[in-house]
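# Report on the structure
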Amino acid sequence: MLTDGCGRRVDYLRLSVTDRCDLRCSYCMPTGFKDYEEPAHWLSFDQIERLLSVFARLGMRRIRLTGGEPLLRNNLTELARRLAALPGVEDLSLSTNGTQLAKYASRLKAAGVTRLNVSLDSLDRRRVRAITKRDVLPQVLDGLEAARAAGFSLIKVNMVALAGTTDADIENMVAYCMERGFVLRLIETMPVGATGRDAGYLDLRPVRERLRARFGLVDGVVPGGGPARYLVAPDGGFQIGFITPISQHFCATCNRVRLSVDGRMFLCLGQDNAVDFRRLLLDGGDDAAIERALLDGLRAKPARHEFNQQPDRIVRFMSMTGG
Ligand code: SAM
Ligand code: SF4
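Residues numbered from 1 in each chain as written. Chains lettered and ligands numbered in written order. Predicted model: local features only at pLDDT ≥ 70, side-chain atom pairs only at ≥ 80, totals over all residues. Heavy atoms only, no water.

With that settled, the discussion passes to the site of ligand 2. All residues adjacent to ligand 2 are Cys21, Leu23, Cys25, Cys28, Met29, Gly68 and Asn97. Here the residues of the shell around ligand 2 are counted per class, giving five nonpolar, two polar and no charged. (Near = heavy atom within 4 Å. Nonpolar A, V, L, I, M, F, W, Y, C, P; charged D, E, K, R; others polar.)

Structural data, given as structure tokens:
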């Protein structure tokens with residue numbers, strides 16, 4: 001079992017397979033951003049498999065493929081197949097913006113991906129275009145339908161709540177997810193990079209009470225629900241999670257680390273501490289050296305983010321860390 005210096009069990013790795021993206025969500029990447037990591041610095045599939053086989057042996061049980069937009073990485077389904085087959089890996093999931101999902105959903109399922117999170121902030125086509133800078137709502141909705149048809153049992157829709165914009169779309173999104181059996185999660189913006197700071201933070205606590213009254217929801221506990229606090233329909237047919245890193249942070253139960261496309265393991269989304277696994281591999285590090293670097297890194301995992309105290313601190317965008 002892997003534990004960090006604060007005694008927290010860490011069994012969840014978010015793996016960024018690319019920092020590139022076909023969208024420019026207002027809270028994530030600046031319009032016109034092109035300052036991507038050099039492909040020569042990307043971890044290869046072999047390097048990823050090598051690192052994760054050691055991590056999994058030590059107790060990293062769950063892996064999420066993310067980015068940037070993970071479906072932009074060539075042959076992602078091949079990587080998924082290799083990671084799903086690693087001894088010790090119990091769950092392989094994917095976070096996507098959904099633009100390529102119609103094409104890949106069934107291949108991902110066949111490769112061993114068990115759960116999908118799809119980011120969608122509104123059902124209003126113009127609003128989605130304004131947030132993402134592309135007219136992608138029909139594509140994303142097709143992707144969600146393809147995921148359902150492919151037989152994914154758990155599909156979560158991740159919606160970033162923005163004051164004055166998507167706030168007004170939340171009730172529509174609840175109805176859409178209720179009808180289709182999707183779990184909805186509302187997310188508060190985090191001040192990572194200037195985009196995250198300027199996005200229009202919305203405190204989700206009043207939203208939760210508003211939705212509780214409007215839809216007759218009650219507090220619920222959802223196994224494997226991660227950092228979200230849930231409301232559920234009394235008949236259990238609908239679940240909505242609130243991810244509130246700012247208004248009610250959940251660092252005391254943090255169970256995750258993030259590996260970037262260039263092999264740096266970030267120990268906290270809101271801090272700079274990192275372990276450079278690509279450098280270690282290039283220097284000829286063996287499995288024992290990988291194990292030592294992981295265990296030493298976890299001992300140094302920060303106790304919590306400081307978004308409220310130092311909102312200007314983190315300058316890397318979410319797409320660089322692997323949100
Ligand atoms: N491109 C994929 C997607 O959009 O799902 C995966 C990567 S994206 C960085 C992962 C998640 O981070 C998305 O749900 C997105 O909404 C969220 N995100 C990005 N920037 C954020 C910010 N500043 N605050 C909170 N969430 C953010
Ligand atoms: Fe791309 Fe996801 Fe960031 Fe939007 S949130 S710009 S889809 S990486």
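To describe a pair of aromatic rings, one takes the distance between the centres and the angle between the planes. Applying the stated criterion across every chain yields a total of three aromatic pairs. The interplanar angle of 85° and the centroid separation of 5.7 Å between the aromatic rings of Phe33 and Tyr36 together place this pair among those described as edge-to-face. Comparing Phe33 with Tyr36, the two get one shared label, buried. Considering the side-chain rings of Tyr176 and Phe182, the 5.9 Å spacing of their centres and the 55° angle between planes classify their relative orientation as tilted. One exposure class covers both Tyr176 and Phe182, and it is buried. It is Arg62 that lies over the ring of Tyr12; its NZ or CZ is 4.8 Å from the centre. (Phe/Tyr/Trp six-rings, centres within 6.5 Å; stacked < 30°, edge-to-face > 60°. Buried < 20%, exposed > 50% of the residue type's maximum accessible area, 1.4 Å probe, protein only. Lys NZ or Arg CZ within 6 Å of the ring centre and 35° of its normal.)

So, on to the sheet that holds strand β12 (residues 274-276). Consider a sheet: its strands pair through backbone hydrogen bonds, and that pairing is either parallel or antiparallel. Strand order in this open sheet of 12 strands is β7-β8-β9-β6-β5-β4-β3-β2-β1-β10-β11-β12, and the pairing throughout is mixed. The open sheet has two edge strands, β7 (218-220) and β12, and neither has a second partner. Each strand axis lies, on average, 25° off the axis of its neighbour in the sheet, ignoring direction. Where strand β5 (residues 154-160) lies against strand β6 (residues 183-187), five bridges are found, and the strand directions are parallel. Across the sheet, residue Lys156 finds its bridge partner in β6, namely Val183. (Pairing = 2+ DSSP bridges. Helix = DSSP H or I, 4+ residues; strand = E, 2+ residues; numbered from the N terminus. Axes fitted to C-alpha atoms, helices over the stretch in contact; angles between N-to-C directions.)

Each pair of packed helices can be summarised by the angle the axes make with each other and by the distance between the axes. Where helix α3 (residues 101-111) meets helix α5 (residues 137-150), the axes come as close as 8 Å, and the angle between the chain directions of the two elements is 20°. On the basis of the axis angle, α3 is roughly parallel to α5. Where α3 crosses over α5, the handedness of that crossing is right-handed. Residues Leu101, Ala102, Ala105, Ser106 and Lys109 of α3 pack against Asp142, Gly143, Leu144, Ala146, Ala147 and Ala150 of α5. Its residues assigned to classes, the contact of α3 with α5 comprises seven nonpolar, two polar and two charged. (Parallel < 35°, antiparallel > 145°, perpendicular 65-115°, else oblique. Left-handed = near helix turned anticlockwise from the far one by under 90°. Contact = heavy atoms within 4.5 Å.)

Below, the discussion takes up the nonpolar core. Counting 103 residues, the largest nonpolar core has Leu15 and Leu52 as its most contacted members. No other element matches helix α1 (residues 45-58), which puts seven residues into this core. Excluding residues that lie within four positions of it along the chain, Leu15 makes contacts with Ile48, Leu52, Ile63, Arg64, Leu65, Thr66, Leu79, Leu83 and Leu259. (Core = buried A, V, L, I, M, F, W, Y, C linked by side-chain atoms within 4.5 Å.)

Every one of the 20 residues lining ligand 1 counts as a neighbour, but Tyr27, Gly68, Ser119, Val160 and Met190 are closest to it. In this structure, Tyr27 approaches ligand 1 through a main-chain N or O atom, which is 3.0 Å from a nitrogen atom. Relative to its free-state accessible area of 540 Å², ligand 1 is covered by the protein chains to the extent of 94%. Those elements giving two or more residues to the shell around ligand 1 turn out to be β3 (91-96) and β5. Split into classes, the residues belonging to the shell around ligand 1 amount to seven nonpolar, 11 polar and two charged. (Polar contact = N/O pair within 3.5 Å; in protein donor to acceptor, adjacent residues only side chain to side chain. Areas by Shrake-Rupley, 256 points an atom, 1.4 Å probe, with all protein chains shown as cover.)

Turning to α3, a few remarks are in order. Among all positions of α3, only Leu101, Tyr104, Ala105, Leu108 and Ala111 are buried. The arc enclosing the buried residues of α3, seen along the axis, measures out at 140°, which places them on a common side. Where α3 is buried, its residues touch α2 (76-84), β3, β4 (115-119) and α5. (Arc of directions from axis to C-beta.)

A few words now on the environment of Glu179. By secondary structure assignment, the location of Glu179 is in helix α6 (residues 170-180). Along the chain, Glu179 and Gly237 lie 58 residues apart, while their C-alpha atoms are 9.7 Å from each other. A distance of 3.2 Å separates polar atoms of two side chains, one belonging to Glu179 and the other to Arg180.

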